[in-house]
Each structure stands twice: as structure tokens, then as C-alpha cells.
Amino acid sequence: MDKSVTYRTSSDSVLTPGPIRFGLWKEFIQLTKPGIIRSNLMATFAGFWVAARWDIPWLNLLWVLLGTTLVMASSCVFNNYFDRDFDMKMERTRNRALPTGRLKPSTVLGYAIALGAVGTLVLFFLVNTLAGIFGLVGMFVYVVVYTLWLKRTSTWSTSVGAISGAMPPVIGYVAVTGQVDLAAWLLFALLFLWQPPHFWALGIRRVEEYRAAGYPLLPVVKGIKRTKWQMIPYVLLMLPLPWLFYAYNYTGLIYGVLGTVINAGWLYICIEGLWAKDDEKWAKKNFIMSVNVLMLHVIVLVVNTISG
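Just so it is clear, the model here is predicted, and its values are computed rather than measured. (Residues numbered from 1 in each chain as written. Predicted model: local features only at pLDDT ≥ 70, side-chain atom pairs only at ≥ 80, totals over all residues. Heavy atoms only, no water.)

Chemist: Help me understand the nonpolar core, please; the structure alone is not making it clear to me.
Modeler: The nonpolar side chains of soluble globular proteins are, as a tendency, buried together. Grouped together as the largest cluster of nonpolar side chains are 75 residues, with contacts concentrated most on Val64 and Tyr173. The contact partners of Val64, leaving out residues within four places of it in the chain, are Phe48, Leu123, Val127, Ile171, Gly172 and Ala175. Counting residues in each nonpolar core, the second largest holds twelve residues, with Tyr142, Tyr210, Ala213 and Leu217 among its members. (Core = buried A, V, L, I, M, F, W, Y, C linked by side-chain atoms within 4.5 Å. Buried < 20%, exposed > 50% of the residue type's maximum accessible area, 1.4 Å probe, protein only. Contact = heavy atoms within 4.5 Å.)

Chemist: Looking at this structure, how should I read the side chain of Gln195?
Modeler: When you line up the elements, Gln195 lands in helix H10 (residues 182-205). Polar side-chain contacts of Gln195 include one of 2.7 Å to the backbone oxygen of Ala162. For Gln195, the side chain forms a polar contact with the main-chain oxygen of Leu191, separated by 3.0 Å. (Helix = DSSP H or I, 4+ residues; strand = E, 2+ residues; numbered from the N terminus. Polar contact = N/O pair within 3.5 Å; in protein donor to acceptor, adjacent residues only side chain to side chain.)

Chemist: What exactly am I supposed to notice about the pattern of salt bridges here?
Modeler: Pairing is possible between side chains of opposite charge, provided their charged atoms come close. One pass over the structure, following the stated rule, counts seven salt bridges. Across the pair Arg206 and Glu209 runs a salt bridge, and its minimum N-O distance is 3.0 Å. Since its relative accessible area comes to 28%, Arg206 is described here as partly exposed. Lys228 is the partner of Asp279 in a salt bridge, and the nearest nitrogen-oxygen pair spans 2.5 Å. Of this pair, Asp279 sits in helix H16 (residues 279-303) while Lys228 sits in helix H13 (residues 224-238), and the two are 51 residues apart along the sequence. (Salt bridge = Lys/Arg side-chain N within 4 Å of Asp/Glu carboxyl O.)

Chemist: What's the story with the packing of H13 against H16 in this structure? I'm lost.
Modeler: A packed helix pair is summarised by two numbers, namely the angle formed by the two axes and the spacing between the axes. Put simply, H13 and H16 touch, their axes get as near as 13 Å, and they point 20 degrees apart. Considering the angle they form, H13 stands roughly parallel to H16. The element H13 and its partner H16 pack so that their crossing is left-handed. Facing H13, whose interface residues are Ile224, Lys228, Met231 and Met238, H16 presents Asp279, Trp282, Asn286, Val293 and His297. (Axes fitted to C-alpha atoms, helices over the stretch in contact; angles between N-to-C directions. Parallel < 35°, antiparallel > 145°, perpendicular 65-115°, else oblique. Left-handed = near helix turned anticlockwise from the far one by under 90°.)

Chemist: Sorry, what's going on with the side chain of Glu209 here?
Modeler: For Glu209, the location among the structural elements is in helix H11 (residues 207-213). Of the residues examined, Glu209 reaches a relative accessible area of 16% and is grouped as buried. Sequence-distant contacts of Glu209, defined by excluding residues within four places in its chain, comprise Met90, Glu91 and Arg92.

Chemist: Would you mind showing me how to read the environment of Val220 here?
Modeler: Mapped onto the fold, Val220 is located in helix H12 (residues 218-221). With 143 residues separating them along the chain, Val220 and Val77 place their C-alpha atoms 25 Å apart. Setting aside residues no more than four positions away along its own chain, Val220 makes contact with Val207, Tyr210, Arg211 and Tyr215.

Chemist: Explanation requested: unusual backbone geometry in the structure shown.
Modeler: Of all residues except glycine, most have a negative phi; of all peptide bonds, most are trans. One non-glycine residue with positive phi stands out, namely Arg53, at about 55 degrees. For Arg53, the location among the structural elements is in the loop between helix H2 (34-52) and helix H3 (58-82). The phi dihedral of Asn249 is positive, around 65 degrees, even though this residue is not glycine. Inspection of the secondary structure assignment puts Asn249 in the loop between helix H14 (241-247) and helix H15 (253-272).

Chemist: Just to check I follow, could you spell out the confidence of the model for the chain for this structure?
Modeler: Should pLDDT be low for a region, the predicted coordinates there are not to be read in detail. For the chain, the average pLDDT comes to 91, and 93% of its residues sit at 70 or higher. In the predicted structure, residues 1-22 sits below a pLDDT of 50 and forms 35 contacts with residues beyond four places in sequence or in another chain. (pLDDT = per-residue confidence, 0-100.)

Chemist: I keep staring at the environment of Val293 and nothing clicks. Help me out?
Modeler: Locating Val293 in the fold gives a position in helix H16. Spatially, the C-alpha atoms of Val293 and Gly223 are 25 Å apart, while their sequence positions differ by 70 residues. Apart from the residues lying within four places of it in its own chain, the contact partners of Val293 are Trp194, Met238, Ile262, Asn263 and Trp266.

As C-alpha cells, then:
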């Protein structure tokens, strides 16, 4: 049955009518940003696998994936809650549940708190203290430092916010080891360096939407050319990581070689952007490449982990 609804903002301005596309339960799922959760769970699994070295404590893996999922979901729901006014101004976000009024802010806030509380309890009491601490660090950086502060005030939001996105593989790793060692830092570096060029590719594609919404994203404030140049150092710094995993006996030679090839391919596309004539077409290509880069890193890293 085709239904439509007139959406109103907090200032009572009318948005374009649109169809109600989801059942209520699907609205709650969409608030958690499933795409972000999937990619980060891949990284959590990779960190766990590197630490376990093929000797997998399956129950522990279940708890860490559950706890990390809930903590990440909570962070994303908080992000939706605090960004609801900004979301009204962007084409790709204005039809979300909060801007359209399909869900009440108080309901969403309670949902975020509940997810975070349960996820934190799972990590602290069913995994270990370090996993819980890193889960809280990730939430704090994403919700407070990124969403409430830097996203509204500074071009540094993407780089600093990458700290939260680099927590999942570390959580997975310390869930097994109970300590922070070189492998934990290498996993952190891999996800930390990957995020800014990945997100800036999206930012270039949507630069006018971000400008209209008032976000001081790098391509909005410094321009697309500067953003392209700033991607390159992050990808360059990823080049030695596969060899460090190999040199310290965390993975085999295959990851050293293939990880380098993966990073070099992405670096080429980033450099190619410096003379690209169609920025939107190039940014789309770069964004798709970045998604595949993460997936390929996780697959090869897991397959080529040295057994204990």
C-alpha cells in the first residue's frame, strides 16, 4: 500500500512529502548505520584472528562481536540523534527517521543509551577490561569529540574521528591477548590511516551538500584540490604496514606482498585524482576502491595469519 507523509522540521518548515519506506523495526536498524557496523566488524574479526593465531576461542569471539556491535550501534544512534538538525539540510539524510519525525528524539536517545550500556557491560564482564576500555574510548571519541565538537567546528574532524574507527580491530585483538603490544598498534594504524582518504572521497562527491549543511569538511573549507593532496600521505603511510606485520611474525609473506599491492593500487588512484577532469567520477572510483581495500586487507590478513 502506497502511503505518504508530510515531514516537518523542528522549525515547522515543510519538507517534500515522501513514502514511508520502512517498518518501525527497520527504522531502528537504520539508525545504527549497518554499513558502518559491517565494515568495523570485519576489522574486529581480523584483530581477534591475528591475536588468536587460528586457535579460536569461539565463545569469546561471539561475545566480543556482540559487545562491539552494540557499542558501535550506540555511537551511530547518538550520531543520528545529535545530527538531526544538520540531517534536515542534506539530500542524502533528510529522509531519515529523526528529520522526518517518524521517530521521536527522546525515543532515539533512550535507544542509544540502552545499546551503549548493554554493549559496554558485555565487553567489560564477558570479554575483558581492556576491551571495555577501548570500547568506551571509541564511543567517547565518536560521540563527543567527533559528533558534538569537531564535526561542527574544524576540518580536523575526519582525522581525529578516525581514532574511534580504529578501535574495533584493537578491541578484537585485546579480547584474546589482554594486552596492548605492537600488533595492536599496527591494527590501529591500518584502520586509522584508511579512514580519512576513504571519507574524503565521499566528501568530494557530496561537497555541495556538506557546504549547504554548514559542515566544515576539508573539501568545503580548503577545496577539492587540497583534499586530494591530503589523501596521499595517509595512503603512503599504509605501504610499510604489511611488511611490519610480516617482519614481526604476525603474518606470512603473502600479506606482505599482497598488502603492498593493494595499497599501491589505491595510492595510484589517489595520485591519478590530481589531474582528473571529472572530480565526482574520480571520487566515486576512489570511494569504491577504498571499500575494496579494507575488505581485501582483512581477507588476506586473516588467511595469512601465522598460526601459534
